[in-house]
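Listed below, chain by chain, are the residues.
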Amino acid sequence: MNVQTVAWAPSGALRIIDQTLLPSEERYVDLETVEAVIEAIRSLRVRGAPAIGVAAAMGLVAALRPSFREPLAAFLARAEAAAERIAAARPTAVNLGWAMDRMRRVARATAGTGAAVFEALLQEAQAIWREDAAMCRAMGEHGQVLMKGGRRQGSGVNVLTHCNTGALATGGIGTALAIVYTAAERGVDVYVYADETRPLFQGSRLTAWELAKAGIPYSVQPDSAAASLIAQGGVDIVVVGADRIAKNGDTANKVGTYPLALVARRHAIPFYVVAPSSTFDLACPSGAEIPIEQRAALEVTHPLGTQAAPEGSEVFNPAFDVTPAELVSGWVTEKGILRPPFAF
């Protein structure tokens, strides 16, 4: 994939592709303050649990850059406060808090000057980005065992996915879509059915955009058509990402994932979650303890800026749902395909 979701700008700012403008416009924006990083995360300019973690770490460094000459105590206090604010930007994606905890530990463990702490934070952000890219590649490799023996003629495999789990959601080539990209690199005839993923259309806007750039054939369908597609035998495997995975395997992902798991189980279709170890929250016993973000009503009543419901309509708009562990065939990670109990 030739998509780079996060990067360093020449000025030292965090540079992201503004995903709210895709697919009509490919625009990159530079973030230099805590406020800008928080706004980008909350508004979904950058999204996807791994990408949020990477962007948070790099964004923290970008925001701290003007202050690195401060005395050690003042700089540490500034770094702690900034990390705490960024960590609170969205509640469900565990990678966000994970990345900020990791950056805070590095800051506290570094002696010397504010400049020394800043350099250590810069190196840690680089490491988080580099590790995420490596984990994406490893997940793609481990998932190849799932991409054999499809129902289409020859070696073809029909994959159904939900939301966006590709390069736009990570610091590398993706989570669930990393399996697709790796299979395509190896010559597997892979076809992707992308749920449009309402109400923000991450499947039709982002996944389809990525697949088109990669030259991988695909179709977009309404979320409500996925069950019919599976029932008609058009799907060999369902692969999805995750925003938080509890210790027992219950998995929070983009709303609409749970019904896919139910339908896949009804029709004996493999259903796999693909996520790096940083998305597992072993301190969270089950899905019942995962906080579910409620998004703005306008996302439903005015999708993509067009009114689709009467003014004053009440709205239920959870960003995520929780798929019980018993509906998941396995969890593809950078360490292999796992089942609970997890240990990292």
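Quick summary incoming for the structure in this document.

Calculation notes
- Starting from 1, residues in each chain are numbered consecutively following that chain's sequence as written.
- Local features in this predicted model are restricted to residues whose pLDDT is 70 or higher, and side-chain atom pairs enter the listing and the counts only when it is 80 or higher, whereas totals over whole chains, interfaces and linings include all residues.
- Just so you know, side-chain values use all the structure's heavy atoms and leave hydrogens and water out.
- Paired strands are those between which DSSP finds at least two bridges.
- Where helices and strands are cited, they refer to DSSP runs of H or I of at least four residues and of E of at least two residues respectively, numbered from the N terminus.
- For every element, the axis is a line fit to its C-alpha atoms; helices are fit only across the contacting stretch, and the angle between N-to-C directions ranges from 0 to 180 degrees.
- In this description, contact between two residues means that some pair of their heavy atoms is separated by no more than 4.5 Å.
- In plain words, nonpolar cores are sets of buried Ala, Val, Leu, Ile, Met, Phe, Trp, Tyr and Cys residues tied together by side-chain atoms within 4.5 Å.
- A 1.4 Å probe rolled over the protein chains alone gives each residue an accessible area, and that area as a share of the maximum for its type sets the label: buried under 20%, exposed over 50%, partly exposed in between.
- Crossings are sorted by hand: turned counterclockwise from the far helix by less than a right angle, the near helix makes the crossing left-handed, and turned clockwise it makes it right-handed.
- As a working rule, the residues Ala, Val, Leu, Ile, Met, Phe, Trp, Tyr, Cys and Pro are called nonpolar, Asp, Glu, Lys and Arg charged, and the rest polar, with Gly in that last group.

Another point: the sheet that holds strand β3 (residues 28-31). Read from one edge to the other, the open sheet built from three strands follows the order β1-β2-β3, with strand pairing classed as antiparallel. Where the open sheet ends on each side, the last strands, each with one partner, are β1 (6-8) and β3. Taken pair by pair, the neighbouring strands of this sheet meet at an average axis angle of 30 degrees, ignoring direction. Of the strand pairs in this sheet, strand β2 (residues 14-17) and β3 are connected by four bridges, and their pairing is antiparallel. Residue pairing for β3: Ile17 is matched across the bridge by Tyr28. Where helix α2 (residues 49-64) meets the sheet, it contacts β1, β2 and β3, and its direction lies at approximately 25 degrees from that of β1.

With that settled, consider the sheet that holds strand β13 (residues 330-333). Through backbone hydrogen bonds, the strands of a sheet pair up, either in parallel or in antiparallel fashion. Spatial strand order, β6-β5-β4-β7-β10-β13-β14: seven strands in an open sheet with mixed pairing. The sheet is open, and its two borders are formed by β6 (218-221) and β14 (336-338), each paired with just one other strand. Strand-to-strand twist across the sheet, computed as the mean angle between neighbouring axes with direction ignored, equals 25 degrees. Alignment of β13 against β14, held across three bridges, turns out to be antiparallel. Paired with Val332 across the two strands is Ile337, which belongs to β14. Seen against the sheet, helix α6 (residues 176-185) touches β4 (157-161), β5 (190-195), β7 (237-240), β10 (271-274) and β13 and runs at an angle of roughly 155 degrees to β5.

What follows is about the nonpolar core. Ranked by size, the top nonpolar core spans 45 residues in total, and within it Ile86, Met100, Met103 and Leu121 carry the most contacts. Of all the secondary structure elements, the ones that give two or more residues to this core are β1, β2, α1 (34-42), α2, α3 (72-87), α4 (94-109) and α5 (114-142). Examining the composition of this core, we find that 13 residues originate from one element, α2, more than from any other. The contacts of Met103, once residues within four sequence positions are left out, are Ala57, Leu60, Val61, Leu121, Glu124, Ala125 and Ile128.

This part takes up the environment of Pro291. Inspection of the secondary structure puts Pro291 in the loop between β11 (280-281) and α10 (298-301). C-alpha of Pro291 to C-alpha of Pro276: the two residues are 15 residues apart in sequence and 20 Å apart in space. Among residues more than four places away in sequence, those in contact with Pro291 are Pro91, Thr92 and Arg244.

Okay, the packing of α4 against α5 next. In contact at an axis separation of 9 Å, α4 and α5 are set at 145 degrees when each is read in the N-to-C sense. By crossing handedness, the relation of α4 to α5 is classed as right-handed. Only Val117, Ala120, Leu121, Glu124, Ala125, Ala127, Ile128 and Glu131 of α5 make contact with α4, whose side of the interface consists of Trp98, Ala99, Arg102, Met103, Val106 and Ala107. Looking at side-chain class alone, the contact of α4 with α5 contains eleven nonpolar, no polar and three charged residues.

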